[in-house]
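Listed below are the residues making up each chain.
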Amino acid sequence: MSPIYLDNNATTRTDPAVVAAMLPFFSDHFGNASSQHSFGVPVADAIRNARKKVRTFLGAALDQEIVFTSGGTESDNTAILSALDTQQGRDEIVTTKVEHPALLSLLDHLRTSRGIKTHYVGVDSLGRLDLEEYRRALGPRTAIASAMWANNETGALFPVQRLADLAHAAGALFHTDAVQAAGKIPLHLKGTAIDMLSLSGHKFQGPKGVGALYVRKGTPFSPHLRGGAQERRRRGGTENVPGIIGLGAAAELAGARMAEDHMAIRGMRDRLESAILNTIEHCFVIGDTDDRLPNTTNIAFAYVEGEAIIHNLDRAGIAASLGSACASGSMKPSHVLLAMNVPMTTLKGAIRMTLSRENTQGEVDRVLRVLPEIISKLRATSRLWRARARPEPVMQVSPVEMAP
Ligand code: PLP
């Protein structure tokens, strides 16, 4: 039986059409795009074409607003560092408690190395941003506000256009990490106040190690990687040509398939989720189910360890994940679920299943056959489950003890 992959927020399989588009750029078209001869010119043309595809995918106004990078992490880092360089007299950052480590670990480093202050805005129990707190955190010293478009663990969406307007009203720049949103929901940048946006190819069936930073025309910018004149001097270094071609191809495919994929993936996710909720007791969905990515479900199973679930699913040929893949292995509870105030006992039993266009209804059926058995097997050996099943000892309270 072929394995089932339900970890598409960690990474996706590169689409065969994307691989086919990339292959000639390893061998036939190996030239350097900066070369003025016949080996370089077609490569520069192909990069130009890929830039146009990414621009169209993002609904941005101009091709030149797209800067190719090595992925989401580099794009996030570049946006923040650039703002600190260019926003004279402003040395603070506003972000959220649930951002990806690609951003949070940079902010932590900036605090310890440069004393840069960051305001971390909280979320409610459904993962929705506290807009009042966000508004209050912005001020005359804010260089940039950064909030993710979609959360990688819960799929919760933030109202980034509104957040961008509020940041501008305070004179700050606005950046969004759209690594998980891209390819799953439409992003129309033209006409928004979003100054910068991060994108990563491997989250929407493109290659790994390539991404883009959208920089709206007129946004002050300072490069993170300085070197040659590549990317209009905004990102030095010989371009990852096959990666960029792959990113362009993946963006074109994702854009063309978006509406159809959205419906199909959401249908599978919803069926999976509601069948689990209906057949397994003491489990519930974490996060806002109204406003979230169509492919993501984060379900907590009380009285069991998420790690044990993941391990058993893996043995049954089903790959799911425990919280964020980028943080797995660290054993620390997910900072996202902690920020949402999910109780420790619940948080421990949370698993994330994230679908893509490659999943099938047959796979959903198989998960639904396997998962209830795994949960009841684990609960049968769970001390917590047995303790819960035992009747509560009856408390004898005397009238005297009950007095105030
Ligand atoms: N931002 C988010 C929301 C992510 O989910 C990830 C990866 O999981 C990243 C940034 C990092 O992207 P990359 O792997 O391209 O560096």
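Treat the numbers as computed from the prediction; the structure is a model and nothing was measured.

A. Representation of the site of the ligand within the structure. Lining the immediate surroundings of the ligand are 14 residues, of which Thr73, Asp177, Gln180, Ser200 and Lys203 lie closest. Here glycine 72 contributes a backbone N or O atom positioned 2.8 Å from an oxygen atom of the ligand. Take glutamine 180: an N or O atom from its side chain is 2.8 Å from an oxygen atom of the ligand. Starting from 390 Å² of accessible surface for the ligand in isolation, the protein chains cover 89%.

B. The arrangement of the sheet that holds strand 9 (residues 283-285) in detail. A sheet is described by the order of its strands in space; here three strands give the open sequence 9-10-12, paired in antiparallel fashion. In this open sheet, the two edge strands, each paired with only one partner strand, are strand 9 and strand 12 (350-354). Strand-to-strand, the axes of this sheet are offset by a mean angle of 25°, without reference to chain direction. With five bridges joining them, strand 10 (residues 296-301) and strand 12 adopt antiparallel strand pairing.

C. Quick look at the pattern of salt bridges. Here the structure, examined in full by the defined rule, presents 20 salt bridges. Ionic pairing is found between arginine 111 and aspartate 108, a salt bridge with its closest N-O pair at 2.7 Å. With arginine 111 and aspartate 108 both in helix 4 (residues 101-114) and three residues apart, this pair spans about one turn of that helix. A residue is classified by how much of its surface remains accessible, and arginine 111, at 47% relative accessible area, is partly exposed. Shared partners join several salt bridges into a network, and the residues in it are Lys52, Arg55 and Asp63.

D. Main features of the sheet that holds strand 7 (residues 196-200). Strands sit in the order 2-8-7-6-5-3-4 across an open sheet of seven strands; the sheet is mixed. Here the strands that pair on one side only, and so sit at the sheet edges, are strand 2 (66-69) and strand 4 (117-121). Taken over all neighbouring pairs, the strand axes of this sheet differ in orientation by 20° on average, direction set aside. Across five bridges, the pairing between strand 7 and strand 8 (residues 211-215) is antiparallel.

E. Just the side chain of threonine 296, in detail. Residue position: threonine 296 is located in strand 10. Using a relative accessible area of 0% as the deciding quantity, one classes threonine 296 as buried. Looking at threonine 296, its side chain comes within polar contact range of the side chain of asparagine 9, at 3.1 Å. Not counting residues within four places of it along the chain, the set of residues in contact with threonine 296 comprises Asn9, Glu153, Thr154, Gly155, Arg269, Arg352, Met353 and Thr354.

F. Representation of the pairing of strand 8 within the structure. Across the five residues of strand 8, five count as buried, placing the element largely inside the fold. With burial as the criterion, each face of strand 8 is covered, one bearing Gly211, Leu213 and Val215 and the other bearing Ala212 and Tyr214. Bridge count for strand 2 against strand 8 is four bridges, and the pairing is antiparallel. If you follow threonine 69 over to strand 8, its bridge partner there is glycine 211.

G. Structural context of the side chain of histidine 202. With respect to the element layout, histidine 202 can be found in the loop between strand 7 and strand 8. Under the relative-accessibility criterion, histidine 202 is labelled buried at 17%. Apart from residues lying up to four places away in sequence, histidine 202 is in contact with Ala10, Thr11, Thr12, Pro207 and Lys208.

H. Looking closely at the domain arrangement of the chain. Split into domains, the chain comes out as domain 1 (4-8 + 259-402) and domain 2 (16-254). Using C-alpha coordinates to define each centre, domain 1 is positioned 31 Å away from domain 2. Taken together, the contacts link 23 residues of domain 1 with 25 residues of domain 2. Taken together, the two surfaces of domain 1 and domain 2 that pack against each other cover about 2100 Å², and 57% of this comes from carbon and sulfur. Broken down residue by residue, the surface that domain 1 buries against domain 2 is led by Leu293, His335 and Met340, which jointly contribute 27%. Here domain 1 and domain 2 share zero salt bridges between them. In this assembly, domain 1 and domain 2 are joined by nine residue pairs in polar contact (both at pLDDT 80 or more). Those elements that provide at least two residues to the side of domain 1 that touches domain 2 are strand 10 and helix 10 (335-339). Taken together, the residues that form the side of domain 1 that touches domain 2 break down as eight nonpolar, nine polar and six charged.

Calculation rules
Residues numbered from 1 in each chain as written. Predicted model: local features only at pLDDT ≥ 70, side-chain atom pairs only at ≥ 80, totals over all residues. Heavy atoms only, no water. Near = heavy atom within 4 Å. Polar contact = N/O pair within 3.5 Å; in protein donor to acceptor, adjacent residues only side chain to side chain. Areas by Shrake-Rupley, 256 points an atom, 1.4 Å probe, with all protein chains shown as cover. Pairing = 2+ DSSP bridges. Helix = DSSP H or I, 4+ residues; strand = E, 2+ residues; numbered from the N terminus. Axes fitted to C-alpha atoms, helices over the stretch in contact; angles between N-to-C directions. Salt bridge = Lys/Arg side-chain N within 4 Å of Asp/Glu carboxyl O. Buried < 20%, exposed > 50% of the residue type's maximum accessible area, 1.4 Å probe, protein only. Contact = heavy atoms within 4.5 Å. Domains from an automatic or database assignment. Buried area = accessible area lost by both parts, 1.4 Å probe. Nonpolar A, V, L, I, M, F, W, Y, C, P; charged D, E, K, R; others polar.

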